[in-house]
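Fold and geometry: a report
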Amino acid sequence: MRFILPLFIIVSSCAHQPVTGWNPQKNAATQRMHEKTLKALADDGRVPASPVPDLSVSLSDLNRVRPGKFEVYVFPKVSGIQNKTSDTTDVYLSQPRAFEVSVIAENPCRQFIQRGLFGSLKPKDVFPQALAENATRRCAIIEVTDKRLKTMGSGELKANDQLSMRLFVDDTYRVHAVDSTLYETPSKNRVVRIVNEENLSAFSGLSLFPVDLPSSRAKFVAGKPSEQFNSLLDGVAVHQIRNRFSRSFAPVDCDGGVTTERDDYGSLVKVGWCKGMPWPSYTENARFFSVTQPLSVGGAR
Amino acid sequence: MRTLLLALFLSTSALAQDTGGFEITKNSFKDLYNQHRIAQPKVTPWAGNFFPYSSKGTAIKLDKDGNDDSAGRSPMEVYGVLARVGNEAHDWEKENHSCDNLTGELKKSCESWWGHCNGWAAAAIKELEPRKPIKVGTQTLSVAEQKGIYTELWLSSASLNAGWTDKNKKTGAWVHDHNRPSESYKMFWDVSPRAFFLIFTNYVGAQKTGVVVDRFTGDEVWNQPIVGHRFLPIRKEDISQVRDGSRSYWSALIRVKIYWANDLGTAPGHISKPFDIKKVKDTEDVEYFGEDYEGRYLAFRLNFDQELVMSANGTTVTSVGRMIGDGIWEHQENSRQAGNLDETHPDFIWLPTDPIQDYNGNYGNPYMDASVVAKISRGQPPTPSTPTASQLRLIFPPRAFGGASLEAEDVKKAVTKVIRREAIKHAIYLKDIEISRNRVLVPVRFPQGVNSKALESLFKAADMDVRIE
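The text that follows walks through the structure, step by step, so that each part is easy to find.

1. Some words on the pairing of strand β7 (residues 239-244) of chain B
Residues and elements named next belong to chain B. The pairing of β7 with strand β8 (residues 247-261) spans six bridges and is classified as antiparallel. Pairing of V242 across the sheet is with Y249, part of β8. Joining the antiparallel neighbours β7 and β8 is a turn of two residues, in which G245 adopts a positive phi near 65°.

Here is the structure:
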């Protein structure tokens, strides 16, 4: 009896320890998953690199950008995969929509964090304290509004239509949080705050519709961004933008860089950025293709 | 069709095993599980009828209670009266959303499962359930008629999508052939456990919006709007450490029950009962909540780079690392050659965004108009539509289509490819297309009229010379 008792204690004390019970060698599918998991494990710890130094981009230039409020034209991708017939349609770009980008504030981060600047938007809840420790770090609150929804009557809006989003960005273009304003009823909208955690970064920079920025891992390949997006910004797309939003619109032909990467969820994100501009010129992901109205900073275009 | 599917898959194969068009804004397993383990959309999607093609879709004649009645009127007929398009919407439906013109295997498929389930599923998420008749001008629309109109409107919608499907390959032993994954195999398994978990917890959980799943994992498509999910407690025995040399990760068996609104056998005029995910228990048994809702139990593995530690009752994550890799479905891990996996994980997941039609005269009813339906839903008589239906003859030089031996179907596709970019409602019939050495004539019907000058400049922008008569 004395012999059994110590044994029992040993066994039970192991019971809360992890069990090495699952075998990844069950079949080819589990083996593949195991290998992919090990590879993903090895991929961790990549050194973050901001796109800012590659392209001489400065968040502060949002204050000097012309026009002050600018537009991003977004072509949603349409697919008919869900159709309940044997037909499967291809993916194509549908009619463009204009989103207005405006800067609510662009200031030293510590003004948001320590001095209560724009306190009603609660920026100090999302910008990390560390940003306040360096007086040169700058932060911005940027608002992106769906111009079509803005002009629609409340009766035409549908539940969860995303009316606008407010982005909390630092000078490396890291997005710390997004406030989405969603339509609920004619008398009520709701604001949903999504915080992008430091260690569990959920979106690739700004990856929410209708804007997408490269993730912090992005590496830009120098070149002319327009060349990479020609097939999307085709004659029809240019025609549509000119007809609807800007008669003088022309694709921007600039030097800059393009990054193509898969985000953490496997989705392709491709961003084209003109050198020295505070906002990307082109973006493509699984949901849309977008092009920014030509911008200039100060006097230069 | 298989060629098309293959090409599609090749061009999008990189999307395999990801969250597709869904935007994932939270990925902390701890937060997602703890905050959204049990969730349902803010507005419960309603049970409805999928208006099968075998009954002529929304051209089916119904009485005021929504029962079949050859002396009654169809949802499209009453829509036609209100939208002032006469019988066009009804006639188009009868012609195009029925199985009458099909033969062989297609006809068989059509009669057994084709219908408007995607239209209903999208409408059930985006439109409030019509629960009583509504008066619009001189017309009183029954619940069935309102649901029929919504269902037709949303048949072809813009949406966020994750996952692909091959509707042309019957489910067979190939789904178990893990050693030689074919293209169809990849489409079968491409909604990974991680994508499933992230989409459900981010959308149904955090955003409290509905999503639609294709609950038939194989070749058929059964779209169902999700009314709730409940992840079951994670038990100690569900968690393992997996070691491979000096490397290791943590693997956890995650169990979940998902519930959706039903459309099979649901009468067009049916009014849904409430659904409450809190009544679902933390057991693997799938509860029965009446004919309006149906559920399914699923299990899968997710992997983490640090130990997953749960509270004593398994309902709260105490600590865990990052999710690593895509995970694996339990039924993929344990699949057997003879097993039928058609009713397992969602074949694809999607979320409707806009009630656009594809307007090519084949799928979406080109006589539907979202703004008209919006007015009907508010009980306001739609204003008379000023533009009237028209037919134009588009005449192209053969070089506009690449010149070489042309088929009417290629011509139709090329023309539609341009017109659909502007979402102009139109219908092209193959029998109307005339191809000769000098010209290609394409008669196009425009249910709501069209500005021929604008159309001409659109084709010019697409680098296609056209003369319009």
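Picking up where we left off.
2. Let's talk about the packing of aromatic side chains
All chains considered together, the criterion is met by 30 aromatic pairs over all chains. With a centroid separation of 6.3 Å and 55° between ring planes, the pair formed by Y185(B) and W189(B) is classed as tilted. Of this pair, Y185(B) and W189(B) both sit in helix α8 (residues 183-189), four residues apart, which is roughly one turn of that helix. For Y185(B), a relative accessible area of 3% translates into the label buried. You can call W189(B) buried: its relative accessible area is 2%. Judged by centre distance (5.0 Å) and plane angle (70°), the rings of F188(B) and W189(B) are edge-to-face. Assigned by exposure class, F188(B) and W189(B) land together as buried. Here the basic side chain of R420(B) rests over the ring of Y92(A), its NZ or CZ set 3.8 Å away from the ring centre.

3. Here we look at helix α4 (residues 88-96) of chain B
Residue and element names in this part refer to chain B. Regarding α4, the residues found buried are A89, H90, W92, E93 and N96. Take α4 and look down its axis: the buried residues cluster within an arc of 165°, on one side only. The inward-facing, buried residues of α4 abut α3 (75-83) and α7 (143-153).

4. Things to note about the nonpolar core
Among the nonpolar cores identified, the biggest contains 55 residues, and F29(B), F196(B) and L308(B) are the most heavily contacted of them. Those residues in contact with F29(B), other than ones at most four positions away along the chain, are N34(B), F197(B), I234(B), I254(B), L302(B), F304(B), L308(B), V317(B), V320(B) and M323(B).

5. Considering the sheet that holds strand β16 (residues 440-446) of chain B
Residue and element names in this part refer to chain B. Pairing in this open sheet of four strands is antiparallel, and the strands run β15-β16-β14-β17 from one edge to the other. Taken across any chain shown, the strands that pair with only one partner, and hence form the sheet edges, are β15 (434-435) and β17 (467-468). Along the sheet face, helix α12 (residues 408-419) touches β14 (390-396), β15 and β16 and points at about 50° away from the line of β16. Packed onto the sheet, helix α13 (residues 452-461) meets β14, β16 and β17 and runs at close to 30° relative to β14.

6. A look at the pattern of salt bridges
Residues and elements named next belong to chain B. Overall, the coordinates contain 40 salt bridges over all chains when judged by the stated rule. Taking the shortest distance from any N to any O, the salt bridge between E284 and R235 comes out at 3.9 Å. One end of the pair, E284, is in the loop between β8 and β9 (293-304); the other, R235, is in the loop between β6 (223-231) and β7, with 49 residues separating them in the sequence. For R235, a relative accessible area of 29% translates into the label partly exposed. D432 serves as the salt-bridge partner of R445, at 3.4 Å between the closest nitrogen and oxygen. With R445 in strand β16 and D432 in the loop between α12 and β15, the pair connects residues that are 13 residues apart, well separated along the chain. Its relative accessible area of 18% is what places D432 among the buried residues.

Conventions we followed
- Residues numbered from 1 in each chain as written.
- Chains lettered and ligands numbered in written order.
- Predicted model: local features only at pLDDT ≥ 70, side-chain atom pairs only at ≥ 80, totals over all residues.
- Heavy atoms only, no water.
- Pairing = 2+ DSSP bridges.
- Helix = DSSP H or I, 4+ residues; strand = E, 2+ residues; numbered from the N terminus.
- Phe/Tyr/Trp six-rings, centres within 6.5 Å; stacked < 30°, edge-to-face > 60°.
- Buried < 20%, exposed > 50% of the residue type's maximum accessible area, 1.4 Å probe, protein only.
- Lys NZ or Arg CZ within 6 Å of the ring centre and 35° of its normal.
- Arc of directions from axis to C-beta.
- Contact = heavy atoms within 4.5 Å.
- Core = buried A, V, L, I, M, F, W, Y, C linked by side-chain atoms within 4.5 Å.
- Axes fitted to C-alpha atoms, helices over the stretch in contact; angles between N-to-C directions.
- Salt bridge = Lys/Arg side-chain N within 4 Å of Asp/Glu carboxyl O.

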